[in-house]
Amino acid sequence: MLAPQLPPQKQQFPGKKKNSPLLYQAGVFVIIVVFTLIMFNAWQIWNAHQRNLQIAANDSENLARSLAQHAEDSFAQVDNNLSDLSERIETDGLGESQRLRLQKVMQTQASNFPQLHGSFVYDAQGNGILTSNGKPLSHANNADRAYFKYHVTHNNNTIYIGKVIRSRSTGDLIIPISRRLNHVDGSFAGVVIATLYVDYFRQFYNTFALNNNASLSLVLADGTILYRRPYNEEAIGKNISHSILFRDVLPHSPFGNVTQVSQFDNVERVYGYSQVARYPLVITAGLSKKDVLADWRSDASLFALGGGVLLSILLALGLVLIRQINHSVQTEVELVRTRDQLTLMNHTLEELALLDGLTGLANRRQFDIALKNEMTRAARNDRSVALLMVDIDYFKQFNDIYGHVAGDRCLQQLGRMLQSMVNRPGDLMARYGGEELAIILPDTDLQGAIAFAERVLEGIQQLRIAHTGSPLGIITASIGASAKVPHPYNDTPLSLVSVADKALYTAKKGGKNRVCSSL
């Protein structure tokens, strides 16, 4: 075993200053102020960041919903025109007089709707019959167009919005919007079609004052792009159905916002999206995340710089304050040093006389005095006093395996653990001898003593001190518990120790790592 030594927390040396509560409080105050400032700045910056993104999300969603309403109105007007034409054709037929009347109607529609590239009527073979511009279509056949093939196989009373095509007559990019014509028996009679200029959406979308990295798109429900700002003809007709928006978001919500990276230019944008209520169209409005946060980055830099300057000033003032307090503490230390030196020896002798130098617990001498006093007091007040005798299991094997220095460290750990369990002034933790410890519990009956002993066993196990010589692989202990109301003349401290020792022996014999009582 190591030679007894003073507990480190009790040692004092001449010339070594004690920490001042005021100095500690000043240091804590400076730390709290600095930490609060840093956290406040960080929160302000983060909150502004989130607020900017939320504003961008709201703006993009509102813009998308506005554009969706515009798209619905635009296509609804075309839909109404086509419904009127198809009803006239299916009701009145296409005789010579009817054709002249239809020609005037189509011309009126085109003049009232400048974004309309034109309207056309084709028979069941795809041959042109009528056109809004009055030009003959004797050699025009559109049976190969996707919209014509669609209506051949789909007999429904809805319009079909096709992918962007290039007009064979003018070369313009146009969006075909068509309806099926039926004979009286419901068989396919042809197609009536109106075409919208793609450039109409280009001009309209360009009226919005947005950053260069912003994006506006008109997309079919299957993910095919009809128009996209910034304009890039190669993007028209591309399919984006595999994007996060179409794959994961739109199936669950017809409008909202999502942040994603564009597959066209790799720009991360905050997208607002909205499905068009009456037609298979989706509008997206994307604001560049970099542009959205541009002002925030500038403000955050200034805010951080201002905070850094203020933080530096506070730190400087704090250091000055701490130095002043430290100077006062040093002066106080000099004044009390002489007194400390005179009392140090008496204090040391007192500790050596009553404390175990290795564990910091009470030594055998203090234990004997305390147990005698507690039994006398308990007998006088007719109160119960309890005693726990604690013995470390397989401790000899521990020393043989790990060495006596490790054994001393083990005892020191157990001593600190026991000291942490003291919660009443009268409780006493003592080193009885070797690896045996003793605990005096005044005003405690046997049931309370056993409960406390179980806590001690749990605390020892939670230290998880490795011990390969123990079946459990860790340091454990056995505890014998005794408690009684002492008789003023018949009971002695030795009798209480004897009963606890017998209980300890029973615990050892019963398999160790347990509590046994005197009953």
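Per-chain numbering applies: the sequence of each chain, read as written, is numbered from 1 onward. In keeping with the model being predicted, local features are shown solely for residues with a pLDDT of at least 70 and side-chain atom pairs are shown and tallied solely at 80 or more, while totals for entire chains, interfaces and linings include all residues. As a rule here, side-chain values come from all non-hydrogen atoms in the structure, and water together with hydrogens is ignored.

(A) Focus on the pattern of salt bridges. We define a salt bridge as a contact between a side-chain nitrogen of Lys or Arg and a carboxyl oxygen of Asp or Glu at a distance within 4 Å. In this structure the tally under the stated criterion is 20 salt bridges. Where Asp 79 meets Arg 179, a salt bridge forms, and the shortest distance between an N and an O atom there is 3.0 Å. With Asp 79 in helix H1 (residues 21-92) and Arg 179 in strand E5 (residues 173-182), this residue pair connects regions lying 100 residues apart in the sequence. A salt bridge links Arg 269 to Asp 265, with the shortest nitrogen-to-oxygen separation between them at 2.7 Å. Partly exposed residues are those whose accessible area sits between 20% and 50% of the maximum for their type, while under 20% is buried and over 50% is exposed, using a 1.4 Å probe and protein chains only. Given the relative accessible area of 31%, Asp 265 is considered partly exposed. Bridged by salt links that share partners, the residues Glu 374, Arg 377, Arg 383 and Asp 443 form one connected network. In this text, helices come from DSSP runs of H or I with a minimum length of four residues, and strands from runs of E with a minimum of two, each type numbered from the N-terminal end.

(B) Up close: the nonpolar core. For the purposes of this section, nonpolar cores are sets of buried Ala, Val, Leu, Ile, Met, Phe, Trp, Tyr and Cys residues that join through side-chain atoms within 4.5 Å. Of all hydrophobic cores here, the largest spans 44 residues; its most connected members are Phe 75, Ile 161, Ile 175 and Leu 218. Counting residues per element, this core draws most heavily on H1, at 11 residues. A contact between two residues is defined here by any heavy atoms of the two lying within 4.5 Å. The contact partners of Ile 175, leaving out residues within four places of it in the chain, are Phe 75, Ile 161, Gly 162, Val 164, Ala 194, Thr 195, Leu 196, Val 198, Phe 201, Leu 218 and Leu 226. Of all hydrophobic cores here, the second largest spans 33 residues; its members include Leu 414, Leu 441, Ala 453 and Ile 460.

(C) Spotlight on the sheet that holds strand E10 (residues 268-275). Strand pairing is assigned whenever DSSP detects at least two bridges linking the two strands. Strand order in this open sheet of five strands is E8-E7-E11-E10-E9, and the pairing throughout is antiparallel. The open sheet has two edge strands with one neighbour each: strand E8 (225-229) and strand E9 (255-261). Each neighbouring strand pair of the sheet contributes to a mean axis angle of 20°, computed without reference to strand direction. As judged from the seven bridges shared by E9 and E10, these two strands associate in the antiparallel manner. Within E10, the residue paired with Phe 255 across the bridge is Ser 274. Here an angle of 0 to 180 degrees is reported between the N-to-C directions of two axes, which are lines fitted to C-alpha atoms, with helices fitted over the stretch in contact. The sheet contacts of H1 involve strand E7 (215-220), E9, E10 and strand E11 (281-288), and relative to E10 the element is tilted by about 40°. Strands in contact with helix H4 (residues 198-205) are E7, E8 and E11; relative to E8, the strand with the most contacts, it is inclined by about 30°.

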